[in-house]
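Here is how the chains run, residue by residue.
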Amino acid sequence: MSFIKSSPVTHIIIALVFLVSGLTVNLLQLLFFIVLWPLHKELFRKINYYFSYIIYSELVFLSDWWAGVQYYFYVDKDDYNNYFGKEHAIFIINHKYEIDWLTAWVVNDRIGGILGNCKAFAKNSLKYMPVIGWAWWFGEFLFLQRDLVKDKYTIETKLKTLFEYENPVTMLLYAEGTRFTKEKQEASIKFARTKGLPELKEHLLPRTKGFSIGLPHFRHNLPAVYNVQIAFRREEKPSLRALLNGQRLEAHVYIERIPIEQVPENDKECDKWMYELYEKKDKMMVSFFNTGDWFKESGVKPLEKFVPPLRYYSLINIILWSILILVPFFYFTFNVLISGNLLHILMLMVPLGLLYVILSKLMSVSEIGKTSSEYGTDKKKTK
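Read on for an overview of the structure. (Residues numbered from 1 in each chain as written. Predicted model: local features only at pLDDT ≥ 70, side-chain atom pairs only at ≥ 80, totals over all residues. Heavy atoms only, no water.)

## Overview of the nonpolar core
1) Next: Grouped together as the largest cluster of nonpolar side chains are 82 residues, with contacts concentrated most on Phe-73 and Trp-105.
2) Next: Considering each element in turn, this core owes the most residues, 9 residues, to helix α3 (residues 41-66).
3) Next: Discounting residues that sit within four places of it in the chain, Phe-73 has contacts with Tyr-80, Val-107, Arg-110, Ile-111, Val-253, Ile-255, Glu-304, Lys-305, Phe-306 and Pro-308.
4) Next: Counting 30 residues, the second largest nonpolar core, distinct from the first, contains Leu-205, Phe-211, Phe-218 and Tyr-278. (Core = buried A, V, L, I, M, F, W, Y, C linked by side-chain atoms within 4.5 Å. Buried < 20%, exposed > 50% of the residue type's maximum accessible area, 1.4 Å probe, protein only. Helix = DSSP H or I, 4+ residues; strand = E, 2+ residues; numbered from the N terminus. Contact = heavy atoms within 4.5 Å.)

Written out as structure tokens, the structure is:
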């Protein structure tokens, strides 16, 4: 089975299903956008929720069903039962792994099936990427240019609009601004020393301004922020490539609900609150890597772990699309191969080869080693 999951042929088939289904959904999003958006924005948003879920859940399928990642949640059970998935929220998430975004999607799927209304800040260039980027655009993601002056309007106004949705919206916030690497950590520590700020061991110093300047504009519609901490065992290398190869991982997710009343209204106090939150996150991560336990060395109140139940919708979704796409594809491929026409065979093989190249390229986009950052420079960027 592991050979099948790691086979390039299998990867091409998965990519084919994702691309064809994704482009089909993008087309439907465009049609509904043209017809409904000018007349009834809220109705479009409700319909688009399901379109977004169709695309996102194919990637959740990779984690839950293809690779079989084992998830452990650490939460307050009362908060979990009363609030999770039932209110607008900002998830403040550590940015250490190549698939922390996908782990956050799984969390949103497991805690109440709100994956289709999961939003995030994203680089402006990503909105031009077929399937995912286009789905994000229709989903009103916040595309930023990494310049605080230019992005101030987007943060203040569009976030306010998102939290006016009738149905719960989760905004993913990676306050570190870029993924953790040793080089970026050194720049973070150097900057922290010049400003008298905490020196973090397993995180980068958070960029606070985007959060603190936007909060006054939407906090009246935001019941809580959530401290979300994600960790894999130190020896594991979680990545999209690992999931595609069916590598079984173990994800530990700590989720703390923080009522919005506990977040200071004053900008400077809000910045201080964020730095203190990241000190706590850092102590927890150090404790986890040292002992395999979030709480043993961090001083944080222990919570009992539990395994959140699997949802079958992502599995059903991928099965239906695979039947719709692969049955005619295999029928067509069989006829081409038995025809013996070399030109037709070549015309079939070349696009499939290109699809594999595109898949490899897309996977490399999320790889930590391929990302760039000006972390620690003097350029004014979104923090």
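Still more ground to cover, so stick around.
## So, the pairing of strand β7 (residues 250-259)
1) Next: With 8 of 10 residues buried, β7 is to be regarded as a mostly interior element.
2) Next: Here strand β1 (residues 70-74) pairs with β7 via 5 bridges, running parallel. Along β7, the bridge assignment pairs Tyr-72 with His-252.
3) Next: The pairing of strand β6 (residues 224-232) with β7 spans 9 bridges and is classified as antiparallel. Note on β7: the bridge partner recorded for Asn-227 is Glu-256. (Pairing = 2+ DSSP bridges.)

## Describing the pattern of salt bridges
1) Next: This model, assessed by the stated rule, comprises 15 salt bridges.
2) Next: With a closest N to O distance of 3.6 Å, Arg-234 and Glu-202 form a salt bridge. Of this pair, Arg-234 sits in the loop between β6 and α10 (240-244) while Glu-202 sits in the loop between α8 (182-195) and α9 (209-218); the two residues are 32 residues apart in sequence, bridging distant segments of the chain.
3) Next: With a shortest N-O distance of 3.8 Å, Glu-235 and Arg-233 are connected by a salt bridge.
4) Next: You can call Glu-235 exposed: its relative accessible area is 58%.
5) Next: Residue class for Arg-233 comes out partly exposed when judged on its relative accessible area of 33%.
6) Next: Members of the salt-bridge network, linked through shared partners, are Glu-42, Arg-45 and Glu-140. (Salt bridge = Lys/Arg side-chain N within 4 Å of Asp/Glu carboxyl O.)

## Thoughts on the sheet that holds strand β3 (residues 118-123)
1) Next: Overall, mixed pairing links the 8 strands, which are arranged β4-β3-β5-β2-β6-β7-β1-β8 in an open sheet. Both outer strands of the open sheet, β4 (142-144) and β8 (305-306), are each paired with one neighbouring strand and no more.
2) Next: Strands β3, β4 and β5 (170-173) of the sheet are contacted by helix α7 (residues 148-162), whose axis makes an angle of about 175° with β4.
3) Next: In this fold helix α11 (residues 267-291) packs onto β2 (89-93), β5, β6 and β7, with an angle of close to 25° to the strand it touches most, β6. (Axes fitted to C-alpha atoms, helices over the stretch in contact; angles between N-to-C directions.)

## Re unusual backbone geometry
1) Next: Of note in the backbone geometry, Val-131 takes a positive phi value of approximately 70° without being a glycine.
2) Next: Locating Val-131 in the fold gives a position in the loop between β3 and α6 (132-138).
3) Next: A positive phi angle, near 60°, is found at Glu-140, a position not held by glycine.
4) Next: Residue placement: Glu-140 occurs in the loop between α6 and β4.

## Comments concerning the side chain of Arg-179
1) Next: Secondary-structure assignment places Arg-179 in the loop between β5 and α8.
2) Next: Although Arg-179 is buried, it makes no salt bridge; Asp-100 carries the closest opposite charge, 4.4 Å away.
3) Next: At 3.2 Å, the side chain of Arg-179 and the backbone oxygen of Tyr-97 are in polar contact. (Lys, Arg positive; Asp, Glu negative; His and termini not counted. Polar contact = N/O pair within 3.5 Å; in protein donor to acceptor, adjacent residues only side chain to side chain.)

## Points about empty space enclosed by the protein
1) Next: On inspection of all chains with the given rule, the structure shows 2 cavities of 30 Å³ or more.
2) Next: For the largest cavity, the calculated volume is near 50 Å³.
3) Next: Along its surface, the largest cavity is lined by Phe-44, Arg-45, Asn-48, Tyr-49, Ser-52, Gly-116, Asn-117, Lys-119, Phe-138, Gly-139, Glu-140 and Tyr-165.
4) Next: Here the lining of the largest cavity gets 5 residues from one element, more than from any other, and that element is α3. (1 Å grid on protein atoms, 1.4 Å probe; cavity = no way out; pocket = protein on both sides within 12 Å on 5 of 7 lines; lining within 4 Å. Points joined across faces, edges and corners; volume = space filled by probe spheres on them.)

## Concerning the environment of Leu-243
1) Next: Inspection of the secondary structure assignment puts Leu-243 in helix α10.
2) Next: Distance from Leu-243 to Leu-320, taken between C-alpha atoms, is 21 Å for residues 77 residues apart in sequence.
3) Next: Apart from the residues lying within four places of it in its own chain, the contact partners of Leu-243 are Leu-62, Ser-63, Trp-66, Ala-67, Val-69, Ile-99, Leu-102 and Leu-249.

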